[in-house]
Amino acid sequence: MANLVKPEETIKILKKYNFNFQKKFGQNFLIDSHVLDKIISAAEITKEDTVLEIGPGIGTMTQALCEAAKQVIAVEIDKNLIPILENDTLKDYDNAVVVNNDILATDIPALLKENGTDSAKVVANLPYYITTPIIMGLLEKHAPVKSITVMVQKEVAVRMQAAPGNKDYGALSLAVQYYCEPYLAANVPQNCFIPRPNVGSAVIVLKLHDTPPVKVSDEKFMFKLIRAAFNQRRKTLVNALRNSPELSLTREQIEEALTKLNMDINIRGEMLGLEEFARLSEVLK
Ligand code: SAM
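The following paragraphs examine the structure supplied in this document. (Residues numbered from 1 in each chain as written. Predicted model: local features only at pLDDT ≥ 70, side-chain atom pairs only at ≥ 80, totals over all residues. Heavy atoms only, no water.)

### A word on the overall build of the protein chain
The helix and strand inventory of the protein chain stands at 12 helices and nine strands. For 285 residues, the compact-globule formula gives about 19 Å, and the C-alpha radius of gyration of the protein chain, at 21 Å, lands near that figure. In the protein chain, once contacts between residues fewer than 6 apart in sequence are set aside, the share between residues at least 24 apart is 68%. When the accessible surface of the protein chain is summed, it comes to about 13,800 Å², and 48% of that surface belongs to carbon and sulfur atoms. Positive and negative side-chain charges of the protein chain, numbering 33 and 35 respectively, have mean locations separated by a distance of 4 Å. (Helix = DSSP H or I, 4+ residues; strand = E, 2+ residues; numbered from the N terminus. Rg over C-alpha atoms; globule rule 2.2 N^0.38 Å. Contact = heavy atoms within 4.5 Å. Areas by Shrake-Rupley, 256 points an atom, 1.4 Å probe, with all protein chains shown as cover. Lys, Arg positive; Asp, Glu negative; His and termini not counted. Charge placed at Lys NZ, Arg CZ, Asp CG, Glu CD.)

Shown next, in the form of C-alpha cells:
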C-alpha cells in the first residue's frame, strides 16, 4: 500500500535508516498526496506501461507508479537509498527494478531492453541541479520514451513554454517545443517537500510529437544555430552566429541568408521562432 507520501511516514523511514540528505543530489522528497495524485494522473499510466523513474528517493512516487504501471524501472544515484528501496519501501512490489546509477551515464535503450521492453514513459520528481541536461539528453538522443511527466523548478517550466521575444525564451524552449507539446499540469508550493526547496515547483507533461512541427533536413545543425544564437543573446543574430566556435560561418553568408528569408540583418535570435530557425538552417547548412 502506497502511504509513504505522508510526512510522518517519510520521517519514520529517514530516522529508521539514519538517512542524511545530500544537497549535491538535489534531494527534496515529496510529502503531499494531492501532488502525487496529480503527477500519476497527468502521466496517464496504464497497466500496459513501463515507467522509467529518475531518482526514486525513498520510493514515495515509485510505490504509486508500481500500482498504476506494468513495471517501474527506477534509476537512483545515491547508494544510501538502495537498501531502503530494496529491503523496505519497494520490497512488496514485484514489478519494481531498482538500478544504482547516474541517469546521465545510463544507456536508456539498453536498460529498457534488459527489462523486456523497448519504450517507456518517464515520470520523475527531478533533481533540479541537472533538469536541463536530463531533458535535453532524453530529447536530443531520441531516447525511446512516449511521454515525460516531471516535477521541475517553476522557472524551468516557464522557460519550456516560452514564446519568441519573451525574456524566458531560449534554447530549452525551442528544443522542448520541437520535440514535444509541453503542458503545465500543476504548480507546487515549497511546503510539499522535505526538505523545502528554495524555489517553487511545477509538474510539466511533455508529449512527444510523432513528427516535429517544422521540417528540417539537419536537426543537429539547426540546434547548433539555436545554441549559438542564445549563447550570446544580447548580440545580433549575425554576430552571435559568426562568433560561434561550433559553426564556421562568415558575416556575409549569414547576412545573405537573412536577406533571402526577408529577415532584418540586425535581428536578435530571441525574435526567431522554430519555423524561422528551421528555414535559416536550410539556407545556411
Ligand atoms: N522521487 C523522490 C520523491 O519524489 O520524493 C525523490 C526526488 S528528489 C527531488 C531527486 C532524486 O534524484 C533524489 O533521490 C536524488 O538522489 C536522485 N538523483 C540525483 N541526481 C541523480 C542522477 N544523476 N541520476 C539518478 N538519480 C539522481
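Let's pick the thread back up.
### What about helix α9 (residues 219–231)?
The end-to-end C-alpha distance of α9 is 18 Å, a good match for the 18 Å that 13 residues give at a rise of 1.5 Å each. Buried within α9 we find F221, M222, F223, L225, I226, A228, A229 and F230. Check the buried side of α9 and you find it contacts α6 (131–140), α8 (171–179), α10 (237–242) and α12 (274–284). (Expected span 1.5 Å × (residues − 1). Buried < 20%, exposed > 50% of the residue type's maximum accessible area, 1.4 Å probe, protein only.)

### Examining the nonpolar core
Membership of the largest hydrophobic core comes to 66 residues, with the highest contact counts inside it found for I135, I148, M222, L241 and L280. In terms of residue count, α9 provides more of this core than any other element does, eight residues in total. When we break this core down by domain, the ones giving at least three residues each are domain 1 (7–208) and domain 2 (219–284). In this structure L280 touches L225, L237, L241, A257, L258, L261 and L272, once residues within four positions along its chain are discounted. (Core = buried A, V, L, I, M, F, W, Y, C linked by side-chain atoms within 4.5 Å. Domains from an automatic or database assignment.)

### Focus on the site of the ligand
Surrounding the ligand, one finds 23 residues, the nearest of these being L30, G55, E76, D102 and Y129. Within the contact set of the ligand, an oxygen atom lies 2.6 Å away from a side-chain nitrogen or oxygen of E76. For the ligand, whose free accessible area comes to 590 Å², the fraction covered by protein is 99%. Of all the secondary-structure elements, those providing two or more residues to the shell around the ligand are β1 (29–30) and β3 (71–76). A breakdown of the residues in the shell around the ligand according to their chemical character gives 12 nonpolar, seven polar and four charged. (Near = heavy atom within 4 Å. Polar contact = N/O pair within 3.5 Å; in protein donor to acceptor, adjacent residues only side chain to side chain. Nonpolar A, V, L, I, M, F, W, Y, C, P; charged D, E, K, R; others polar.)

### Some remarks on the pairing of β3
Across the six residues that make up β3, a large majority, six, are buried. Relative to β3, strand β2 (residues 50–54) runs parallel, the two being bridged by five bridges. The residue bridging I54 from the neighbouring strand is V75, located in β3. After leaving β2, the chain enters helix α3 (residues 60–68) and then returns to the sheet as β3, a path that is right-handed. Examined bridge by bridge, β3 and strand β4 (residues 96–100) share five bridges and lie parallel to one another. (Pairing = 2+ DSSP bridges. Right-handed = clockwise from strand over helix to strand, strands pointing away.)

### Considering the pattern of salt bridges
Close approach of charged atoms allows side chains of opposite charge to pair. Under the definition given, this model contains 13 salt bridges. One salt bridge connects D49 with K146, and the closest N-O pair in it is separated by 3.6 Å. On the criterion of sequence distance, the pair formed by D49 in the loop between α2 (33–42) and β2 and K146 in strand β6 (residues 145–153) is long-range, its members being 97 residues apart. The class for K146 is partly exposed, based on a relative accessible area of 43%. A salt bridge links R227 to E246, with the nearest nitrogen and oxygen atoms 3.3 Å apart. Residue R227 is found in helix α9, and its partner E246 is found in the loop between α10 and α11 (251–260); the two are separated by 19 residues along the sequence. (Salt bridge = Lys/Arg side-chain N within 4 Å of Asp/Glu carboxyl O.)

### Quick look at the sheet that holds β4
A sheet is described by the order of its strands in space; here seven strands give the open sequence β4-β3-β2-β5-β6-β9-β7, paired in mixed fashion. Among the strands making up the open sheet, the edge pair consists of β4 and β7 (180–188). Strand-to-strand twist in this sheet, taken as the mean axis angle between neighbours without regard to direction, amounts to 20°. The sheet contact formed by strand β5 (residues 120–125) and β6 spans six bridges and is parallel. Within β6, the residue paired with N125 across the bridge is M151. Packed on one face of the sheet, α6 meets β2, β5, β6, β7 and β9 (201–208) and runs near 170° to β6. (Axes fitted to C-alpha atoms, helices over the stretch in contact; angles between N-to-C directions.)

### Re the environment of K285
Inspection of the secondary structure assignment puts K285 in the segment after α12. Note: C-alpha distance between K285 and I135 (150 residues apart in sequence) is 26 Å. The contact partners of K285, leaving out residues within four places of it in the chain, are S217, D218 and F221. Here the side chain of K285 touches S217 through a polar contact of 3.2 Å, side chain to side chain.

### What to know about the environment of R242
Take R242: it is sitting in helix α10. Considering only alpha carbons, one finds R242 and A163, 79 residues apart in sequence, at a separation of 24 Å. Those residues in contact with R242 that sit more than four places away from it in its chain are L249, T250, R251 and I254. A distance of 3.2 Å separates polar atoms of two side chains, one belonging to R242 and the other to N239.

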